[in-house]
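Spelled out from the first residue to the last, the chains are:
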Amino acid sequence: MQVLPGDSPRLEGEDKVHVLRLAALESSLPPILVDRKSMRVIDGIHRLMAASIKGLEVIDVEFFDGNSDDAFLKAVEANVEHGLPLTQADRTAAAFRILKSHPSMSDRAIAKSTGLGARAVAELRRSSDSVPKSNFRIGRDGKVRPLNGAQGRLRVAELIRENPEASLRQVARTAGVSPATALDVRRRLERGDDPVSSQGSPDSFDAQAAKRALPEQSPAVIGPHCAATLEKLMRDPSLRQSELGRRLLRMFKENVLGAKDMTDIVASVPSHCIELIIELSRHNSQIWEDFAHELNRRAGVVKPE
């Protein structure tokens, strides 16, 4: 059975020097990866050419089953993981092609497949109108995450009303949400509730809601008195000359200065992380409360009433 050259992610084609280097090896090479349907090489064209130079008529093969777009994605991933590295231009061109063929893949997933940074992939997505739009992303863990939770829930409600007998998995896949979200929407509809929580569930979280959720007293945390207090402590030699003292100052500095960006930070928290961050924030708040209580107790011992 004859194999054919495939759709390589290498813009400059095969590296002849690398082929000769492989042909000079006496040890056997790993199997090449071939598309079962077309018999075209997905990964291993250098190994195939090296085998031809050595006069071999048979080569070990592993088969891939899938469409041409998935085959190209597999080719990129294989070349990133081992063998002759892809150039920066190769990886950028591959990422752009994958964005167009797999628009629902998250930036981080494409970055991992191509060996680029997630920011570079995101910039490629934003910079071109030829990349199809998608209202959800599929992450590296295979989970589906909607870009707009409220829209996803409304779409689920619409699909359920159109076809009440449809399976939740089918509805979730069509709407671009998780099966758990689809189940929650169906239960809300059965109770006569709105599919999107009026109290702002994690799925409907947005920047404006985040700003409204901030307590009114937040500005006092970063007021001039607090900043002046921190500056005074930062100049205290007894703290600056102690490792634990410097550690305490760093903790305070991060808290005080970070509070200035709190509104933007709250708005940027991914919806699927909100509950965990709330729990961790409350835990940290309790740590500081206990810390203040212990200091207050110590102050009472040092300077009793």
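Residues numbered from 1 in each chain as written. Predicted model: local features only at pLDDT ≥ 70, side-chain atom pairs only at ≥ 80, totals over all residues. Heavy atoms only, no water.

A. Inspection of the overall build of the protein chain at higher detail. Tallying secondary structure elements over the protein chain gives 16 helices and five strands in all. Sequence separation of 24 or more characterises 63% of the internal contacts of the protein chain that already satisfy a separation of 6 or more. Of the roughly 20500 Å² of accessible surface on the protein chain, a fraction of 53% belongs to carbon and sulfur atoms. (Helix = DSSP H or I, 4+ residues; strand = E, 2+ residues; numbered from the N terminus. Contact = heavy atoms within 4.5 Å. Areas by Shrake-Rupley, 256 points an atom, 1.4 Å probe, with all protein chains shown as cover.)

B. Broad picture of the nonpolar core. Of all hydrophobic cores here, the largest spans 16 residues; its most connected members are Val76, Ile98, Leu99, Met105, Ile110 and Val121. Looking at this core, the elements that each hand over two or more residues are helix H3 (68-81), helix H4 (88-101), helix H5 (107-114) and helix H6 (118-127). Sorting elements by how many residues they give to this core places H4 first, with four residues. Membership of the second largest hydrophobic core comes to 12 residues, among which are Ala157, Ile160, Val171 and Ala175. (Core = buried A, V, L, I, M, F, W, Y, C linked by side-chain atoms within 4.5 Å. Buried < 20%, exposed > 50% of the residue type's maximum accessible area, 1.4 Å probe, protein only.)

C. Spotlight on the packing of H5 against H6. Between H5 and H6, the least distance of the axes is 8 Å, while the angle of their chain directions is 115°. Between H5 and H6, the crossing angle belongs to the class labelled roughly perpendicular. Considering the relative orientation of H5 and H6, their crossing is right-handed. Within the contact between the two elements, H5 uses Asp107, Arg108, Ile110 and Ala111 and H6 uses Ala118, Val121, Ala122 and Arg125. Taken together, the residues that form the contact of H5 with H6 break down as five nonpolar, no polar and three charged. (Axes fitted to C-alpha atoms, helices over the stretch in contact; angles between N-to-C directions. Parallel < 35°, antiparallel > 145°, perpendicular 65-115°, else oblique. Left-handed = near helix turned anticlockwise from the far one by under 90°. Nonpolar A, V, L, I, M, F, W, Y, C, P; charged D, E, K, R; others polar.)

D. A look at the environment of Asp129. Within the secondary structure layout, Asp129 lies in the loop between H6 and strand E4 (136-138). For the pair Asp129 and Lys100, spaced 29 residues apart in the sequence, the C-alpha separation amounts to 9.9 Å.

E. Geometry of the packing of H3 against H5. Contact geometry for H3 and H5: axes closest at 7 Å, N-to-C directions at 60°. The angle between H3 and H5 falls in the class oblique. Along its contact with H3, which presents Leu73, Val76, Glu77 and Val80, the element H5 presents Lys112, Ser113 and Thr114.

F. Representation of the side chain of Asp35 within the structure. By the element assignment, Asp35 lies in strand E1 (residues 32-35). Buried within the structure, Asp35 lacks any salt-bridge partner; its nearest side chain of opposite charge belongs to Lys37, at an N-O separation of 6.6 Å. In terms of polar contacts, Asp35 uses its side chain to reach the backbone amide nitrogen of Lys37, at 3.1 Å. (Lys, Arg positive; Asp, Glu negative; His and termini not counted. Salt bridge = Lys/Arg side-chain N within 4 Å of Asp/Glu carboxyl O. Polar contact = N/O pair within 3.5 Å; in protein donor to acceptor, adjacent residues only side chain to side chain.)

G. Expanded view of the sheet that holds E1. If you trace the three strands from one edge of the open sheet to the other, you get E2-E1-E3, paired in mixed fashion. A strand with exactly one partner marks an edge of an open sheet, and here the two such strands are strand E2 (41-43) and strand E3 (61-64). Across the sheet, the mean angle separating the axes of adjacent strands is 40° when strand polarity is ignored. Strands in contact with helix H2 (residues 45-53) are E1 and E2; relative to E2, the strand with the most contacts, it is inclined by about 115°. (Pairing = 2+ DSSP bridges.)

H. Up close: unusual backbone geometry. Even without being a glycine, Met39 presents a positive backbone phi close to 60°. Considering the arrangement of structural elements, one finds Met39 in the loop between E1 and E2. Under the relative-accessibility criterion, Met39 is labelled buried at 12%.

I. How the structure looks around the packing of aromatic side chains. Following the criterion strictly, the structure yields two aromatic pairs and no others. Note on Trp288 and Phe291: the rings are 5.7 Å apart at their centroids and 90° apart in plane angle, and the pair reads as edge-to-face. Taken as a pair, Trp288 and Phe291 lie in helix H16 (residues 274-302) at a separation of three residues, close to a single helical turn. With a relative accessible area of 25%, Trp288 lands in the partly exposed category. Judged by relative accessible area, which is 32%, Phe291 ranks as partly exposed. The structure contains a cluster of three or more aromatic residues connected by ring pairs, namely Phe252, Trp288 and Phe291. (Phe/Tyr/Trp six-rings, centres within 6.5 Å; stacked < 30°, edge-to-face > 60°.)

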